[in-house]
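# Architecture and fold: a report
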Amino acid sequence: MEEKVIRHLNWLYYGVMALTLVVLGVMYYLTSKGILGEPTDPMSGPGKMLQFAAIIVALIGIPIGLYFIKWQKPKTPEAYEGAAAYRILAVGLNMPLDIMVYFILGAYRPMMWLTAMAAIAWYFTKPTLGKMEAEMKPKDPNAEDY
């Protein structure tokens, strides 16, 4: 059962990466052909709002996504699958969002740094059998906590 859960989560994990690459390709194509139009000035009002929205989504989504399983404390593989899927989506969907903002703002470099931070956090959501066992193992009440 655990292997099946990990296999489903791996499909979702790599699906997020595929979505990110598709968004990257589409946005690059739209920008290079001029279909996207003129880039938004990063220092204009709409540009600042786009930056603000992307940063807030990253600041809220990444930490909550990474810590979600510790809050949930799943007891069954089915509950773990749902919590891990939420973690993958909450962290991973920041990458395509930040790539879109990067191209909308005319290749504004700080948005690519935000994408890189999301990619690093996304790497830590990789589902493995060992991680699943460690996160589902009940905490020993007699163990010392430092």
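Structure shown above.
A brief look at the structure comes next. In this text the structure is predicted, and so the values were computed from the model without any measurement. Think of each chain on its own: its residues are numbered from 1, step by step along the sequence as written. Restriction of local features to residues with pLDDT of at least 70 applies here, the model being predicted, together with a cutoff of 80 or more for giving and counting side-chain atom pairs; totals for whole chains, interfaces and linings are based on all residues. Side-chain calculation: all heavy atoms of the structure are included, whereas hydrogens and water are not.

This part takes up the overall build of the protein chain. For the protein chain, the helix and strand inventory stands at 6 helices and 0 strands. Its helices and strands in sequence order give the protein chain the pattern α-α-α-α-α-α, from N to C terminus. With respect to the three principal axes, the spread of C-alpha positions in the protein chain is 60 × 35 × 20 Å. A contact between two residues is defined here by any heavy atoms of the two lying within 4.5 Å. Across the protein chain, every contact between residues at least 6 apart in sequence was considered, and the portion connecting residues at least 24 apart equals 76%. Computed with the Shrake-Rupley method and a 1.4 Å probe, the accessible areas treat only the protein chains shown as cover for residues. Carbon together with sulfur atoms contributes 68% to the accessible area of the protein chain, which is approximately 9200 Å² in total. We score Asp and Glu as negative and Lys and Arg as positive, and we do not count His or the chain ends. Where a charge sits is defined by one atom per residue type, namely NZ (Lys), CZ (Arg), CG (Asp) or CD (Glu). Taken as two groups, the 13 positive and 12 negative side-chain charges of the protein chain have centres that lie 3 Å from each other. Here a helix means four or more residues in a row that DSSP labels H or I, a strand means two or more in a row labelled E, and each is numbered from the N terminus.

Ranked by size, the top nonpolar core spans 31 residues in total, and within it Leu9, Tyr80, Met111, Trp122 and Met132 carry the most contacts. Elements that contribute at least two residues to this core include exactly helix H1 (2-32), helix H2 (45-72), helix H3 (77-92), helix H4 (94-104), helix H5 (109-123) and helix H6 (129-136). Among the elements that make up this core, the one with the highest residue count is H1 (7 residues). Those residues in contact with tryptophan 122, other than ones at most four positions away along the chain, are Tyr13, Val16, Met17, Val91, Gly92 and Met95. The term nonpolar core refers to a set of buried residues drawn from Ala, Val, Leu, Ile, Met, Phe, Trp, Tyr and Cys, joined through side-chain atoms within 4.5 Å. We call a residue buried when its accessible area falls under 20% of the maximum for its residue type, exposed when it is over 50%, and partly exposed in between, using a 1.4 Å probe and counting protein chains only.

Another point: H4. By the criterion of burial, H4 is predominantly enclosed, with 8 of the 11 residues buried. Asn94, Met95, Pro96, Asp98, Ile99, Val101, Tyr102 and Phe103 are the residues of H4 that are buried. Against the buried residues of H4 lie H1, H2, H3 and H5.

Turning our eyes to something else, we now look at the layout of surface pockets. Empty space within the largest pocket amounts to approximately 340 Å³. Buriedness of a pocket was judged along seven lines, with at least five required to meet protein on both sides within 12 Å; pockets are open sets of points on a 1 Å grid over the protein atoms alone, cavities are sets where a 1.4 Å probe fits but cannot get out, and lining residues have an atom within 4 Å of a point. Surrounding the largest pocket, 13 residues form its lining, Lys70, Lys73, Glu135, Lys137 and Lys139 being those nearest its centre. Grid points are joined across faces, edges and corners, and a volume is the space filled by probe spheres set on the points.

We define a salt bridge as a side-chain nitrogen of Lys or Arg found within 4 Å of a carboxyl oxygen belonging to Asp or Glu. Evaluated as defined, the whole model comprises 1 salt bridge. Residue arginine 87 pairs with glutamate 135 through a salt bridge whose shortest N-O separation is 2.9 Å. With arginine 87 in helix H3 and glutamate 135 in helix H6, this residue pair connects regions lying 48 residues apart in the sequence.

Before going further, it helps to examine the side chain of asparagine 94. Residue placement: asparagine 94 occurs in helix H4. What makes asparagine 94 buried here is its relative accessible area of 1%. Under the rule applied, a polar contact is a pair of N or O atoms within 3.5 Å (in protein, one hydrogen donor and one hydrogen acceptor; residues adjacent in sequence only if both atoms are side-chain atoms). Here valine 91 takes part through its backbone oxygen, which lies 3.4 Å from a polar atom of the side chain of asparagine 94. Setting aside chain neighbours within four positions, we find asparagine 94 in contact with Val57, Ala58, Gly61, Ile62 and Ala118.

Each Phe, Tyr or Trp ring (for Trp, its six-membered ring) is paired with any other whose centre lies within 6.5 Å, and the angle between the two planes then decides the class: stacked below 30 degrees, edge-to-face above 60, tilted in between. A complete count under the given rule lists 6 aromatic pairs for this structure. Taking the centre distance of 4.1 Å and the plane angle of 5° together, the rings of tyrosine 13 and tryptophan 122 count as stacked. Residue tyrosine 13 is found in helix H1, and its partner tryptophan 122 is found in helix H5; the two are separated by 109 residues along the sequence. A relative accessible area of 2% places tyrosine 13 in the buried class. When the centroid spacing of 5.3 Å and the interplanar angle of 80° are considered together, the rings of tyrosine 67 and tryptophan 71 count as edge-to-face. Within this pair, tyrosine 67 and its partner tryptophan 71 are both found in helix H2, separated by 4 residues, close to a single helical turn. Residue classification places tyrosine 67 among the partly exposed residues on the basis of a relative accessible area of 40%.

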